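Residue-level structure breakdown
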Amino acid sequence: MTDSIMSKAATMEIPINSNGDTGTLPEDDSLEQAAKLQWSLNEKVGSSRGTRDLQQVMVSGPNLNETNIVSGGYGGTAEGIIPTSSIKDLRMKARRGSIPSSSSATCHIANQSHHYQGSGMHHSSSSSSMTAEEATRGVAVEKLELMKKWGLNTYKCTKQMISERFGRGSRTVDLELEAQIEVLRDTKRKYENVLRLARALTNHFYSMVQTQHALGDTFADLSQKSPELRDEFGYNAETQKLLCKNGETLLGAINFFVSSINTLVNKTMEDTLMTIKMYENARLEFDAYRSDLEELSMGPRDAVAMARIDTAQQQYQVHKDKYERLRSDVTIKLKFLEENKVKVMHKQLLLFHNAISAYFAGNQQQLEQTLKQFNIKLRPPGADKPSWLEEQ
């Protein structure tokens, strides 16, 4: 009965399904079944008899010359079909001892599967590189569109500017606002002149105070070394030291005046002029697109021309809104600037007058009172830089 079972196992065939793939019993499965049968025979008749029967099963196993093993399942490509002749060669090499008999066909199939997995990874990396290239191309196209818009806008504005200068183009003019802007520019030029002269006065007066200080020290030294002229040198030394002290007080007032004028001219007025410059650029763009829309409106009215007119109308409206918004900003800033200028100059001119008058009148008490009135604090002599406590 055992021989009959072994004979059936040796003569069985691998069933082929309707898709041309192998059945669920490849060569390795038949070997596994034979191994299980070997184990059962070892339990009954001993290891020697079982080993001899297993060798007979391996030698006279199922004939696989007319079958194929498909790697990849249904729908696999022709490259995934492994001829059974190669498996038979592997079996022959296993019997000869050139390679291990176990899992030889499985290793070959794993290598084929690894080949397809590598191919899949290659396709994945290719798709990711294509995605990166598409993103880079999108950024380049966006930058190109921005450059195109910038170039078109620059061309229109340059054309409008040349037309205005040669008297061929019309420009939008707000007479009242233009007059206020011109007054501001003239005021700024005059205030810059005041600032330049006040700085010059500060430099010259500082030199005079330093000279008085040196002269006072010299008189004091001569008073000690000239007994016959001690009183005369002493009087002059005290006078120069007093003038030097009052001069330092006046320098504090003038420096505060210069600092306030500098802030008004180079910060407050300059900020308003920057807004005016933006307003003038917006006015130029508005007139450029307005002229472009007028030219298109006087041309033909076909489908292409109407599309261009619609686009020009949209651009015209955008630049018109920008122009009107900046014009409103300029009007508001000019109003606040005028109020701020009057307030600041009223205080600074009063300070300058009181300090100069008190100094040249020799009224030290009034000079010090003027600095207290405007909250001006003088640094002690030699304190050019603030201490680390003052910086905290």
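What this report covers is the structure whose coordinates are included nearby. (Residues numbered from 1 in each chain as written. Predicted model: local features only at pLDDT ≥ 70, side-chain atom pairs only at ≥ 80, totals over all residues. Heavy atoms only, no water.)

1. A word on helix 7 (residues 230-297)
Note the threshold: Secondary structure follows DSSP: runs of H or I at least 4 residues long count as helices, runs of E at least 2 residues long count as strands, and numbering of each begins at the N terminus. What a helix should span is 1.5 Å times the count of its residues minus one. Bend, at a single residue, is the angle you get between axes fitted to the 7 residues ending at that residue and the 7 residues starting at it.
The end-to-end C-alpha separation of helix 7 is 97 Å, in line with the 100 Å expected for 68 residues at 1.5 Å each. Glutamate 270 marks where helix 7 bends most, by close to 35°.

2. Quick notes on the nonpolar core
For the record, the criterion: Only buried residues count toward a nonpolar core, which is a set of Ala, Val, Leu, Ile, Met, Phe, Trp, Tyr and Cys residues joined through side-chain atoms within 4.5 Å. Buried residues are those whose accessible area, probed at 1.4 Å on protein chains only, stays under 20% of the maximum for their type, while exposed residues exceed 50% and partly exposed ones sit between those limits. The contact criterion used throughout is that any non-hydrogen atoms of two residues lie within 4.5 Å.
One finds Ile181, Leu184, Ile276, Tyr279, Val330 and Leu334 to be the most contacted residues of the largest nonpolar core, which totals 42 residues. Counting residues per element, the ones that place at least two in this core are helix 6 (175-225), helix 7, helix 8 (303-360) and helix 9 (364-373). The element contributing the most residues to this core is helix 7, with 17 residues. When sequence neighbours within four positions are dropped, the list of residues in contact with valine 330 reads Leu177, Ile181, Thr275, Ile276 and Tyr279.

3. So, helix 9
Formally: The arc in question is the one spanned by the directions pointing from the helix axis to the C-beta atoms. Under this definition, polar contacts are N or O atom pairs within 3.5 Å; protein pairs additionally need one hydrogen-donor-capable and one acceptor-capable atom, and for neighbouring residues in sequence, both atoms have to be side-chain atoms.
Buried residues of helix 9: Leu367, Thr370 and Leu371, and no others. Angularly, the buried residues of helix 9 cover 95° about the axis, an arc narrow enough to put them on a single face. Facing away from the buried side of helix 9, by more than 90 degrees, are the exposed residues Gln365 and Lys372. In this structure, the buried residues of helix 9 make contact with helix 7 and helix 8. In this structure asparagine 363 caps helix 9, since a side-chain oxygen of it lies 3.4 Å from the backbone nitrogen of glutamine 365.

4. Regarding the pattern of salt bridges
Filter applied, for reference: In the sections that follow, a salt bridge refers to a side-chain nitrogen of Lys or Arg positioned within 4 Å of a carboxyl oxygen of Asp or Glu.
Throughout the structure, instances matching the rule amount to 17 salt bridges. Linking glutamate 295 and lysine 159 is a salt bridge whose minimum nitrogen-to-oxygen distance equals 3.8 Å. Placement of glutamate 295 in helix 7 and of lysine 159 in helix 5 (residues 104-165) is noted, with a sequence separation of 136 residues between them. Looking at glutamate 295, the relative accessible area reads 45%, which means it is partly exposed. Here the salt bridges share partners, and the residues they tie into one network are Glu164, Arg171, Arg283, Asp287, Arg290 and Glu294.

5. Focus on the packing of aromatic side chains
To keep things clear, this is the line we draw: Classification of ring pairs uses Phe, Tyr and Trp, with its six-membered ring standing for Trp, and accepts pairs whose centres are within 6.5 Å; under 30 degrees between planes counts as stacked, over 60 as edge-to-face, and the remaining range as tilted.
Using the criterion set out here, one finds 7 aromatic pairs in the structure. On the basis of an interplanar angle of 35° and a centroid distance of 6.0 Å, the ring pair of phenylalanine 219 and phenylalanine 233 is categorised as tilted. Separated by 14 residues along the polypeptide, phenylalanine 219 in helix 6 and phenylalanine 233 in helix 7 bring together distant segments of the chain. For phenylalanine 219, a relative accessible area of 17% corresponds to the buried category. Grouping aromatic residues by their ring pairs yields a cluster made of Tyr279, Phe286, Tyr316 and Tyr323.

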